[in-house]
Amino acid sequence: MKAYIADMDLFEYMRNTNMEKESPLAARLRPMTLDEVVGQQHIIGKDKLLYRAIQADKLSSIIFYGPPGTGKTTLAKVIANTTSAEFTQINATVAGKKDMEAVVEQAKNIGGMYGKKTILFIDEIHRFNKGQQDYLLPFVEDGTLILIGATTENPYFEVNGALISRSIVFELKPLSREDIKTLLMRAVYDKEKGMGAYDAVIDEEALQFLAELSGGDARHALNAVELGVMTTERSGDGKIHLTLEVAQECIQKRVIRYDKTGDNHYDTISAFIKSMRGSDPDAAVYYLGRMLYAGESVTFIARRIMICAAEDVGNADPNALTVAVSASLAVERVGMPEAQIILAQAAAYVACAPKSNASSQAIFEVMETVQQTGNLPIPTHLQDAHYKGAAKLGHGIGYKYAHDYPNHYVKQQYLPYELNGKEFYSPSGNGYEVKIKEHMKRIKEEAAHESK
């Protein structure tokens, strides 16, 4: 019987060893310690809570939330390698209630016999239904299990509120281009975990291209490198050269010259804005696509749409800014690739909206006036009459309450007297500003008639 168990242990060891050698590059490169982790310094920097908790082996239940390829499973594996607690893992896409019951039973036994805690890592925890999540709750509550959940969906929508309240949520961000480049260099040249034994080299152009195109997803970039090394023939110098052309083939996407600090970046965003301002939705969506294809930040694009909605559409269609702001919030929630649909809707709406720069010109003129005239005295009747001593100074005396008058309008001095008669905002003859112009004209004329 002992020999059988020994054989089983040996077979298990050999199976795990073979899996490590044959597993995908992204899996082989997973770090074993916190110091090997690339990126996410906002949560695992040495002065951060999570870093200290892992190092001290004092974890409470946590949930990792972020896009694919940002290191959720990686951090769970690091915890597994550093904790003295029993670590077990299940995937919510395939696990059922029996699997969870087995984990709970094992956790109770280990806690009772050895006084050890059990950490349960659940990948794709949002896939568990409410009943499955409810089952875990009492065991997380009484400390039988320390839960680590990983999800690509917003946990505040997809995870049981009671579990959320007993956990700390850590949001993982897409890796920066420099982070991706660091991982790609490891992948190509590391002889232990990477593909260094293949004697490959990667060109700077290919490195930059893959880092930009990955969209912060390390797994996406590493898969491309692995495919490139495994399918590219050696050159005359005996090395495998990962060129820009090889990178394009491996990721099935053509490069677009788009340096985010160079002329092309500024030219493209300029064309995008001018197309929206010029009411050409076809061109606006085209330049949007160019930027998205090249890996431009969706939040940067959303900001430009919001600015255009306020500066170039203004009150000719007040709803344009609402659409733009909603799009900005939505792309942060949704992420790519679906964010491109939201941005296209917003860009097309702003492009098609009636245009007016009356409000933006008003503030520009005001700022120039303020710079030239300084702090002109505010008319006494507009000043606050409520603070101590204000009434004795005459503040607020003579103020006319607009709602007491027809059309909720009464003529009185609002601007400083030195600017009497000055007009800053002059509504255009476009869109909703036509109604604004007509309304303002009507109430002023009726007020003038009433005063006679």
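This text follows the structure it describes.
Residues numbered from 1 in each chain as written. Predicted model: local features only at pLDDT ≥ 70, side-chain atom pairs only at ≥ 80, totals over all residues. Heavy atoms only, no water.

Draft legend 1. Seen up close, the overall build of the chain. When helices and strands are tallied, the chain shows 20 helices and seven strands. Relative to its length of 452 residues, the chain is extended, with a C-alpha radius of gyration of 31 Å against a globular reference of 22 Å. By principal-axis analysis of the C-alpha atoms, the chain measures approximately 110 × 65 × 35 Å. Counting only residues that meet the buried cut, the chain has 42% of its 452 residues in that class. Distance between charge centres in the chain, computed from 50 positive and 58 negative side chains, equals 4 Å. (Helix = DSSP H or I, 4+ residues; strand = E, 2+ residues; numbered from the N terminus. Rg over C-alpha atoms; globule rule 2.2 N^0.38 Å. Buried < 20%, exposed > 50% of the residue type's maximum accessible area, 1.4 Å probe, protein only. Lys, Arg positive; Asp, Glu negative; His and termini not counted. Charge placed at Lys NZ, Arg CZ, Asp CG, Glu CD.)

Draft legend 2. Local environment of helix H7 (residues 130–141). End to end, H7 covers 16 Å across twelve residues, agreeing with the expected 16 Å (1.5 Å per residue, within 8%). Listed in full, the buried residues belonging to H7 are Gln132, Gln133, Tyr135, Leu136, Leu137, Phe139 and Val140. Contact partners of the buried residues in H7: helix H6 (97–114), strand E3 (118–123), strand E4 (145–151), helix H8 (155–158) and helix H9 (161–165). Two to three positions downstream of the cap, the backbone nitrogen of glycine 131 sits 3.1 Å from a side-chain oxygen, assigning the N-cap of H7 to asparagine 129. Directly beyond the C-terminal end of H7, a positive phi value near 85 degrees is found at glycine 143. (Expected span 1.5 Å × (residues − 1). Contact = heavy atoms within 4.5 Å. Polar contact = N/O pair within 3.5 Å; in protein donor to acceptor, adjacent residues only side chain to side chain.)

Draft legend 3. Main features of the pattern of salt bridges. Inspection of every chain in the model, using the stated rule, returns twelve salt bridges. Between lysine 239 and aspartate 199 there is a salt bridge; the shortest N-O distance is 3.1 Å. Note that lysine 239 is positioned in the loop between helix H12 (218–231) and strand E7 (240–242) and aspartate 199 in the loop between helix H10 (177–189) and strand E6 (200–202), a separation of 40 residues in sequence. The exposure class assigned to lysine 239 is partly exposed, which follows from its relative accessible area of 28%. Salt bridges sharing partners connect three or more residues here, namely Glu178, Lys181 and Glu204. (Salt bridge = Lys/Arg side-chain N within 4 Å of Asp/Glu carboxyl O.)

Draft legend 4. Up close: the sheet that holds strand E1 (residues 62–65). Taken together, the five strands give an open sheet; going across it, the order is E2-E3-E4-E1-E5, and neighbouring strands pair in parallel fashion. Strands at the two margins of the open sheet, each flanked by one partner only, are strand E2 (86–91) and strand E5 (168–171). Each neighbouring strand pair of the sheet contributes to a mean axis angle of 15 degrees, computed without reference to strand direction. Relative to E4, E3 is paired through six bridges, and the arrangement is parallel. Residue isoleucine 122 lies in a different strand from E4, and its bridge partner there is glycine 149. Along the sheet face, helix H5 (residues 72–82) touches E1, E2, E3 and E4 and points at about 145 degrees away from the line of E1. (Pairing = 2+ DSSP bridges. Axes fitted to C-alpha atoms, helices over the stretch in contact; angles between N-to-C directions.)

Draft legend 5. Focus on the pairing of E1. On E1, burial covers both faces: Ile62 and Phe64 on one face and Ile63 and Tyr65 on the other are all buried. Pairing of E1 with E4, which is carried by four bridges, proceeds in the parallel orientation. Residue pairing in the sheet places isoleucine 63 in a bridge with glycine 149 of E4. As judged from the four bridges shared by E1 and E5, these two strands associate in the parallel manner. Counted as the bridge partner of isoleucine 62 is isoleucine 168 from E5.

Draft legend 6. The arrangement of the environment of glutamine 371 in detail. Mapping glutamine 371 onto the fold places it in helix H19 (residues 358–373). Glutamine 371 sits in the exposed class, given a relative accessible area of 69%. Along the chain, glutamine 371 and valine 434 lie 63 residues apart, while their C-alpha atoms are 31 Å from each other.

Draft legend 7. Looking closely at the packing of aromatic side chains. Within the structure shown, the criterion is met by four aromatic pairs. Centroid distance tyrosine 286 to tyrosine 287: 5.0 Å. Interplanar angle 70 degrees. Geometry classified as edge-to-face. (Phe/Tyr/Trp six-rings, centres within 6.5 Å; stacked < 30°, edge-to-face > 60°.)

Draft legend 8. Local environment of the side chain of threonine 144. With respect to the helices, strands and loops of the structure, threonine 144 is situated in the loop between H7 and E4. Within the local environment of threonine 144, its side chain forms a polar contact with the side chain of aspartate 142, the two groups lying 2.6 Å apart.

Draft legend 9. Structural context of the nonpolar core. If you look at the biggest cluster of nonpolar residues, it comprises 32 residues, and the most contacted ones within it are Leu184, Leu210, Val225 and Leu242. Elements with a contribution of two residues or more to this core: helix H2 (25–28), H10, E6, helix H11 (204–213), H12, E7 and helix H13 (244–251). Apart from residues no more than four positions distant in its own chain, leucine 242 is found in contact with Val188, Val201, Ile202, Asp203, Ala206, Val225, Gly228, Val229 and Thr232. Counting residues in hydrophobic clusters, the runner-up holds 29 residues, among them Ile269, Phe300, Ala302 and Ala351. (Core = buried A, V, L, I, M, F, W, Y, C linked by side-chain atoms within 4.5 Å.)

Draft legend 10. Summary view of unusual backbone geometry. If you check the backbone angles, glutamate 124 has positive phi at about 60 degrees while not being a glycine. Of note, glutamate 124 is situated in the loop between E3 and H7. The partly exposed category is assigned to glutamate 124, whose relative accessible area is 22%. The backbone of asparagine 407 shows a phi angle near 60 degrees, a positive value even though the residue is not glycine. By the secondary structure assignment, asparagine 407 is in the loop between H19 and helix H20 (433–451).

Draft legend 11. How the structure looks around the environment of alanine 187. Topologically, alanine 187 is positioned in helix H10. Judged by relative accessible area, alanine 187 falls into the buried class, the value being 0%. Between the alpha carbons of alanine 187 and alanine 310 there is a distance of 46 Å; along the sequence they are 123 residues apart. Those residues in contact with alanine 187 that sit more than four places away from it in its chain are Leu25, Leu29, Gly194, Met195, Gly196, Leu222 and Val225.

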